[in-house]
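Each chain is listed here by its residues.
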Amino acid sequence: MNQNRKQNFLRMMMRVRGLVTKEFRQILRDPSSISIAFVMPVVLLLLFGYGVSLDAKHIKMGVVQQSPSVESADFASHFYRSQYFDASHYDDVPSAKEAMHQGAIQAVVILKSSFTQDFYSQPTAPVQLLVNGVNSNTANLINGYVQAAWQVWLSDYALKHGSTLTQPVQQLTRIWFNSEVNSSYFLVPGLIAIVMTLIGALLTALVVAREWERGTMEALLVTPVSIYEILFSKVFPYFVLGMGGMLLSLLMALYLFHVPLRGSLWVLLLSSALFLWVALSMGILISTVGRTQFVAGQIAILVTFLPAFLLSGFIFDLHSTPLVIQMISHIVPAHYFVALLQSEFLAGDIFWIILPNLLALLVMGVVLTLVVLKKSHKRLD
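Everything numeric here is computed off the predicted structure, so don't read it as measured data. (Residues numbered from 1 in each chain as written. Predicted model: local features only at pLDDT ≥ 70, side-chain atom pairs only at ≥ 80, totals over all residues. Heavy atoms only, no water.)

What to know about the overall build of the protein
For the protein, the count of helices and strands is 14 helices and four strands. The C-alpha atoms of the protein give a radius of gyration of 29 Å, which is well past the 21 Å a tight globule of 381 residues would have. Seen through its C-alpha atoms, the protein measures out along the principal axes to roughly 100 × 40 × 40 Å. Residues classed as buried in the protein amount to 44% of the 381 residues present. The distance from the centre of the 24 positive side-chain charges to the centre of the 20 negative ones in the protein is 21 Å. (Helix = DSSP H or I, 4+ residues; strand = E, 2+ residues; numbered from the N terminus. Rg over C-alpha atoms; globule rule 2.2 N^0.38 Å. Buried < 20%, exposed > 50% of the residue type's maximum accessible area, 1.4 Å probe, protein only. Lys, Arg positive; Asp, Glu negative; His and termini not counted. Charge placed at Lys NZ, Arg CZ, Asp CG, Glu CD.)

See the structure below:
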């Protein structure tokens with residue numbers, strides 16, 4: 001009996017090895033699979049890392065000093081030296097407003113004629129700020145930058161003159177986890193989740209659907225291999241591809257964009273493997289529904305890529321969305337993976353964040369795998 005089991009196991013391993021070898025050869029013959037696994041991460045990381053920024057720099061600003069003085073000139077010089085502003089001098093308020101109407105500048109700082117007198121006599125800021133509010137996010141950033149510039153100037157002025165601040169409250173700000181407020185530190189880790197979603201779900205769904213279109217799947221189904229061996233042979237090569245794409249993205253994040261990795265590499269690899277397992281299961285499940293590449297691609301984009309992009313916290317803060325959207329986001333696997341990535345890269349091994357998210361991915365992986373096994377049959381219908 002034991003000898004028969006051993007022989008059956010060896011036969012199964014030989015069949016699996018043959019199927020996996022066939023899949024790897026198919027991947028090597030198909031440049032599109034290699035492109036999705038290794039070229040797409042490079043393109044997306046370069047595009048988002050360099051082309052997309054949530055910061056506001058080189059903001060075109062007008063500065064008006066209605067009655068120039070030593071104090072007003074000193075304060076205005078902060079805008080001329082700042083990396084956040086491309087400041088230009090305007091002689092009067094109407095000309096500055098006209099420039100903003102024409103779109104030449106996005107904001108105007110007006111230092112009133114009573115700037116020096118008010119500064120010494122009143123605890124209020126004698127500065128008026130006009131901001132183009134078409135882009136509310138940029139408008140809020142400009143407002144914050146100008147307030148910060150005012151606080152810095154007050155501190156510098158007090159230090160130079162050996163006096164105390166006239167403002168009733170001195171704000172001491174310290175930003176945790178991303179002290180440089182670099183949006184690449186926020187975008188690049190989240191982008192790894194998008195890349196792995198595309199590799200795991202989209203690529204797997206398209207490849208299996210293409211086999212149905214070409215008729216090679218039917219030929220495979222008439223062989224002695226079991227459905228479990230077929231599923232394993234389809235998943236394993238793309239798991240290797242997905243982890244390869246993840247490692248490439250990790251290297252680019254560390255050495256090209258200089259995103260710090262403050263957590264454990266092994267926790268990052270474990271969470272990536274769990275998420276890739278979930279994504280591959282979704283891809284196989286999609287391929288059981290859509291047996292043409294067009295249908296499989298449309299379903300994969302609709303149920304994997306778009307939710308991962310919009311509902312994972314990759315770009316938008318989910319806490320500011322309606323409660324219904326927050327509840328829906330909990331069924332998106334990328335929601336948990338993005339939280340893990342941001343924690344591992346920027347905060348470190350915070351286990352009260354890591355463990356619940358790992359557990360959620362594990363549950364999703366088990367459930368999806370059971371559904372795939374139930375839905376997959378070795379027959380043509």
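Next comes the rest of the write-up.
Thoughts on a nonpolar patch on the surface
On the surface, a nonpolar cluster with roughly 770 Å² of combined accessible area is contributed by Tyr-228, Leu-359, Leu-362, Val-363, Val-366, Val-367, Leu-370, Val-371 and Leu-373. Broken down by element, the nonpolar patch gets its largest block of residues, eight residues, from helix 14 (residues 351-375). Locating Val-371 in the fold gives a position in helix 14. Val-371 gets classed as partly exposed once you look at its relative accessible area, which sits at 32%. (Patch = residues over 30% accessible without salt bridge, like charges linked within 9 Å, V, L, I, M, F, W, Y side chains within 5 Å. Areas by Shrake-Rupley, 256 points an atom, 1.4 Å probe, with all protein chains shown as cover. Salt bridge = Lys/Arg side-chain N within 4 Å of Asp/Glu carboxyl O.)

Concerning the packing of helix 10 (residues 265-289) against helix 14
Taken N-terminus to C-terminus, the directions of helix 10 and helix 14 make an angle of 30°; their axes are 9 Å apart at the nearest point. The angle between the axes of helix 10 and helix 14 places the two elements in the roughly parallel class. Like other packed secondary-structure pairs, helix 10 and helix 14 cross with a definite hand, here left-handed. The residues of helix 14 that touch helix 10, namely those facing Val-267, Leu-270, Ser-271, Leu-274, Phe-275, Trp-277, Val-278, Ser-281, Met-282, Ile-284 and Leu-285, are Ile-354, Leu-358, Leu-361, Leu-362, Met-364, Gly-365, Val-366, Leu-368, Thr-369, Val-371, Val-372 and Lys-375. (Axes fitted to C-alpha atoms, helices over the stretch in contact; angles between N-to-C directions. Parallel < 35°, antiparallel > 145°, perpendicular 65-115°, else oblique. Left-handed = near helix turned anticlockwise from the far one by under 90°. Contact = heavy atoms within 4.5 Å.)

Overview of the pattern of salt bridges
Throughout the structure, instances matching the rule amount to three salt bridges. One salt bridge in this structure joins Glu-229 and Arg-15, with 2.9 Å as the shortest N-O distance. Of the two residues, Glu-229 is situated in helix 9 (residues 227-255) and Arg-15 in helix 1 (residues 2-29); the sequence distance between them amounts to 214 residues. What makes Arg-15 partly exposed here is its relative accessible area of 29%. Lys-234 is the salt-bridge partner of Glu-23, the closest N and O atoms lying 2.5 Å from each other. Of this pair, Glu-23 sits in helix 1 while Lys-234 sits in helix 9, and the two are 211 residues apart along the sequence. Given the relative accessible area of 3%, Lys-234 is considered buried. Each of the salt bridges in this network shares a partner with another, and the network as a whole consists of Lys-22, Glu-23 and Lys-234.

Side note on the side chain of Thr-197
The residue Thr-197 is located in helix 7 (residues 183-214) in this model. The exposure class of Thr-197 is buried, given its relative accessible area of 6%. With sequence-adjacent residues up to four places away left out, Thr-197 is seen in contact with Leu-202, Phe-275, Thr-304, Phe-305 and Ala-308.

With respect to the side chain of Ser-72
Structurally, Ser-72 is set in helix 3 (residues 70-81). Look past the residues within four positions of Ser-72 in its chain and what remains in contact with it is Gln-65, Ser-67, Leu-111 and Phe-115.

Observations concerning the pairing of strand 1 (residues 59-65)
Of all seven residues in strand 1, six are buried, a share of seventy percent or more. As defined by bridge partners, strand 1 adjoins strand 2 (residues 85-90) across six bridges and the pair is classed as parallel. When the sheet's bridge partners are listed, Val-63 is paired in strand 2 with His-89. Where the polypeptide runs from strand 1 across helix 3 and back to strand 2, its parallel neighbour, the crossover connection is right-handed. Inspection of the sheet shows strand 1 paired to strand 3 (residues 107-111) by five bridges, in the parallel sense. Bridged to Val-63 within strand 3 is Val-109. (Pairing = 2+ DSSP bridges. Right-handed = clockwise from strand over helix to strand, strands pointing away.)

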